[in-house]
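Inside the fold
Residue-level listing of the chains:
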Amino acid sequence: MVCRSTGDPHVKTFGGHRCDLHGKGVFPLVELPNLRAQTFHCPATRRWSHASVIAAVAVEYNSDVVTIVAETVYGNGVEVTLPATVGVLSVTSSRGVIQVSAPNGMYLRSSHGRWSATLSGYYQNVYVGTPQEETSGYTPSACAAEHNHAMPSVAADAQLFSTATVEALTAACGEQDDLLFCGAPVPACDVCAATNTECDEARAACRAACPCGDDDAIDDCVLDYCALAGAGGAGATCNEVQPC
C-alpha cells in the first residue's frame, strides 16, 4: 500500500482517503510496527494564511533513522553522502529524488523544489510504500487518517528529528501547533477568492503545467497556485503525482 503527502500538504492515505494537513511543526505521517515516519511542516510567507509545506521528513525502520532536509540526508544523526547504508536501510538518489529502502520492500521517497512563498524557501513531496496491509488500531497518523483525522503533534521525546534539526526549522518556521486535523480539502476556488486570484486563471495554468492530471490533482494544483503564489511548485507537484 502507498501513501503520499505533497504540495500544501495534500495527503492520500494508504486506504485512498484524501485530506489536507496544514500547520507547522512535527506531525506523524506513518505509525506501523517497525516503521514510523514524521514530517516537519513549515507555513507560507504570504497569500493564504493556512498554507504550509513539508520542510523535512524522518523515517525509522526498526531502530535506524534517516532524515531528509531538502537535499541533505542524515543517517542516525550523522550527515551522509549518497548512496549510503544506514543499518539495514539503503539510501539512494536519482534525478533529485531521494529514496530510503528496507529489506522488506518498504520505501520512502522524497523530492524537493524551491518555493519562495514558504518560510523554508523550499518544499518536499513524500511518498511511502509498505507491504503492511492494515492501518487500523495503530497510533493516529496522516497516512491512516480515514481511521482518525485528529493529528496531535509529536511530543519532543518521541520525535525522530534531531534536536538541532528541530531547533533550526522552528527558528525558520515558528513554534509548533499542538493539534491539527487532516480534514477534507478546502474548495480550491474558495482559496483563490481569499487570495484575490482568478480561479479560472489558476485552473488554466495548472492544466497547462500538468496536462495529464485528473480532477483531484488539478484541484490540488489550483489550491497550491492560489495559496502559494503561482504554478511553479504547484505544477511540478501535480506532474509528480500524475505524470504523462
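Per chain, residues are indexed from 1 in the order of the written sequence. In view of the model being predicted, local features appear only for residues whose pLDDT reaches at least 70, and side-chain atom pairs are presented and counted only at 80 or more, with totals across whole chains, interfaces and linings using the full set of residues. Hydrogens are left out, water is left out, and the side-chain values use all remaining heavy atoms of the structure.

Comments concerning the environment of Cys42
Helix and strand assignments follow DSSP, with helices taken as H or I runs no shorter than four residues and strands as E runs no shorter than two, numbered in order from the N terminus. Considering the arrangement of structural elements, one finds Cys42 in strand 5 (residues 35-43). Note on classification: 1.4 Å probe, protein chains only; a residue is buried when its accessible area is under 20% of the maximum for its type, exposed when over 50%, partly exposed between these limits. Using a relative accessible area of 0% as the deciding quantity, one classes Cys42 as buried. Counting along the chain gives 78 residues from Cys42 to Ser120, while the straight-line C-alpha distance between them is 6.4 Å. When sequence neighbours within four positions are dropped, the list of residues in contact with Cys42 reads Gly23, Ser52, Val53, Ala55, Leu119, Ser120 and Cys173. Should any heavy atoms of two residues lie within 4.5 Å, those residues are counted as being in contact.

Overview of the side chain of Gln159
Following the sequence through the fold, Gln159 ends up in the loop between strand 15 (150-152) and helix 1 (163-173). We classify Gln159 as buried; its relative accessible area is 18%. Here a polar contact is taken to be a pair of N or O atoms separated by no more than 3.5 Å, where protein atoms must pair a possible hydrogen donor with a possible acceptor and residues adjacent in sequence count only if both atoms sit in side chains. Of note is the side chain of Gln159, whose polar atom sits 3.0 Å from the backbone oxygen of Val154. Each residue touching Gln159, except ones within four places of it in the same chain, is listed here: Val26, Gln38, Val154, Val166 and Gln176.

Section: the pattern of salt bridges
Any Lys or Arg side-chain nitrogen located within 4 Å of an Asp or Glu carboxyl oxygen qualifies as a salt bridge. Using the criterion set out here, one finds seven salt bridges in the structure. Between Asp216 and Arg18 there is a salt bridge, with the nearest N and O atoms lying 3.6 Å from each other. Residue Asp216 is located in helix 4 (residues 215-227), and its partner Arg18 is located in strand 3 (residues 18-20); the two are separated by 198 residues in the primary sequence. Residue Asp216 is classed as partly exposed on the basis of its relative accessible area of 36%. Glu60 is paired through a salt bridge with Arg36; the nearest N and O atoms lie 3.0 Å apart. Note that Glu60 is positioned in strand 6 (residues 52-61) and Arg36 in strand 5, a separation of 24 residues in sequence. Owing to a relative accessible area of 16%, Glu60 belongs among the buried residues under this scheme. Connected through shared salt-bridge partners, Arg18, Asp216 and Asp220 make up one network.

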